[in-house]
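Below, each chain spelled out in residue letters.
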Amino acid sequence: MSQMRIITIERHILQQQLRHPNATGVFTNMLYDIAMAAKIISRETNRAGLVDILGAADQSNIHGERQQKLDVFADEIIFKMNDHTGRLCAMASEEHDEILAIPPHYDTGKYVLLYDPLDGSSNIDVNVSVGTIFSIHRKVTTGAQGTIEDVIQPGYKLVAAGYIVYGSSTMMVYSTGQGVHGFTLDNSVGEFLLSHEDIRIPDTPKYYSVNHGYEKYWYPGVGEYVKWLQGMDGAAGSKAIGHRYTGSLVADFHRNLLRGGVFLYPADKRDETSYRGKLRLMYEAQALAFIARQAGGYSSDGVGDILDIEPHDLHQRTPLFIGNRDLVQKAEQYIREQDQEWLEKYLPFRERKYQPNKTS
Ligand code: P6P
């Protein structure tokens, strides 16, 4: 009889709960709900080429990006899967300008769910992997309904985070602070089965990921850092670390998590706000930073740990360097030594304090 253990994500979450000193079923059930939403999104993503769900929806999100219909579908599925459970006091989505209240006829709970329903959606039509990113904060205010203060908390207060990558297979990767675990969706039984237990980022990096198309806009320290990466010896036997970039954060992060390396989306001089970076702190960077740290890696905005940034806006952008700790810290060193011009612009933005009813 083979030693193979078939562990569903439900069973794994329950086992994790038993080890969590004060976890309750609420927390465990929330992860089930996210896994269920992921199965539905996966089905639609895989069918996208077959049904009239492609093409841009006639809406755009707060960032002015035209929403793909699948984006809108994923956003609705995640909200509807979680709005009535009595586990959440509020939600926040990349696709909505304001935080999402729990409908008044439902009970509220003590957690907040933040999510990017379908990151990399511009890749949907060309069949490149896309992903869902989620993170969970604990409620900090006293009222029944959650408020913005419950949502814009620093990453070191997260209780769980994860992502789903819809690629050659659909994988859900999550952590509740007890290591990082990956599950692959077996469509024949509709279950996420444990396939990557206790993921640790490999010590020897294999790839670096950056969009070289913007190289002419990089600050000098970032440019020197990338040259340093290109000069590195690669994993055993290879003469260099490879460059891989799909334009889909979840897919790029996932590959580097499993193979070792660094993903960077640095600030640049492209326009008057790109000194802040492009990716979102609250529902992209924080979640992946939580995962990276749990897997032995590290993430930074170029100044310091992503998880230590005190947010001041729900849709706050951030530069992102994430992967092997030594590679990310090397980026901080290059920036500290060579990018004073950027630091003088960015630090006042980074240190802003949350002000009610003020948009950044
Ligand atoms: P660029 C996708 O739109 C996204 O938000 C991330 O998934 C991805 O890493 C990044 O933007 C790609 O941006 O400017 O390189 O096309």
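Thresholds, definitions, all that
Residues numbered from 1 in each chain as written. Predicted model: local features only at pLDDT ≥ 70, side-chain atom pairs only at ≥ 80, totals over all residues. Heavy atoms only, no water. Helix = DSSP H or I, 4+ residues; strand = E, 2+ residues; numbered from the N terminus. Rg over C-alpha atoms; globule rule 2.2 N^0.38 Å. Buried < 20%, exposed > 50% of the residue type's maximum accessible area, 1.4 Å probe, protein only. Contact = heavy atoms within 4.5 Å. Areas by Shrake-Rupley, 256 points an atom, 1.4 Å probe, with all protein chains shown as cover. Lys, Arg positive; Asp, Glu negative; His and termini not counted. Charge placed at Lys NZ, Arg CZ, Asp CG, Glu CD. Polar contact = N/O pair within 3.5 Å; in protein donor to acceptor, adjacent residues only side chain to side chain. Pairing = 2+ DSSP bridges.

Chemist: Help me out: how do you make sense of the overall build of the protein chain in this one?
Modeler: Of the regular secondary structure elements, the protein chain holds 9 helices and 17 strands. Taken over the C-alpha trace, the protein chain has a radius of gyration of 20 Å; the compact-globule value for 360 residues is 21 Å, and the two agree within 12%. Dimensions of the protein chain, computed from the C-alpha atoms along their principal axes, are close to 60 × 55 × 45 Å. Buried residues in the protein chain amount to 56% of all 360 residues. When contacts within the protein chain are restricted to residue pairs at least 6 apart in sequence, those whose partners lie at least 24 apart make up 65%. As displayed, the protein chain offers around 15500 Å² of accessible surface, 49% of which is attributable to carbon and sulfur atoms. Averaging the positions of the 37 positive and the 45 negative side-chain charges in the protein chain gives two centres separated by 4 Å.

Chemist: Hey, could you run me through the side chain of Ser121 in this one?
Modeler: Structurally, the position occupied by Ser121 is in the loop between β5 (111-119) and β6 (130-138). Separated by 3.0 Å, the side chains of Ser121 and Asp71 make a polar contact.

Chemist: Help me understand the pairing of strand β17 (residues 320-323) in this model?
Modeler: Every other side chain in a regular strand lies on the same face of the sheet, so the side chains alternate between the two faces. Residues Leu320 and Ile322 of β17 are buried on one face, and the alternating residues Phe321 and Gly323, pointing to the opposite face, are buried as well. Summarising the sheet, strand β13 (residues 261-265) and β17 pair through 4 bridges and their orientation is antiparallel. Its bridge partner being in β17, Tyr265 is matched across the sheet by Leu320.

Chemist: Could you clarify how one ought to interpret unusual backbone geometry in this entry?
Modeler: Across residues other than glycine, the phi torsion is negative in most instances, and most of the peptide bonds are trans. Phi at Asn127 is positive, roughly 60 degrees, even though this residue is not glycine. Classification of Asn127 by relative accessible area gives exposed; the value is 73%. A positive phi angle, close to 55 degrees, is found at Asp198, a residue other than glycine.

Chemist: Sorry if this is basic, but what is going on with helix α5 (residues 220-230) here?
Modeler: Residues that lie three or four places apart on an α-helix share one face, since the helix turns once every 3.6 residues. Among the residues of α5, those classed as buried are Gly221, Val222, Gly223, Tyr225, Val226 and Leu229. As for α5, its buried residues are in contact with β11 (207-209), β13, β17 and α8 (325-338).

Chemist: Looking at this model, I keep getting lost on the environment of Arg350. Mind explaining?
Modeler: Relative to the elements of secondary structure, Arg350 occurs in helix α9 (residues 340-350). For Arg350, a relative accessible area of 13% translates into the label buried. Among residues more than four places away in sequence, those in contact with Arg350 are Asp301, Val303, Gly304, Asp305, Ile309, Glu310 and His312. A polar contact is formed between the side chain of Arg350 and the side chain of Asp301, at a distance of 2.6 Å.

In short, shape yes, function no, at least from these values alone.
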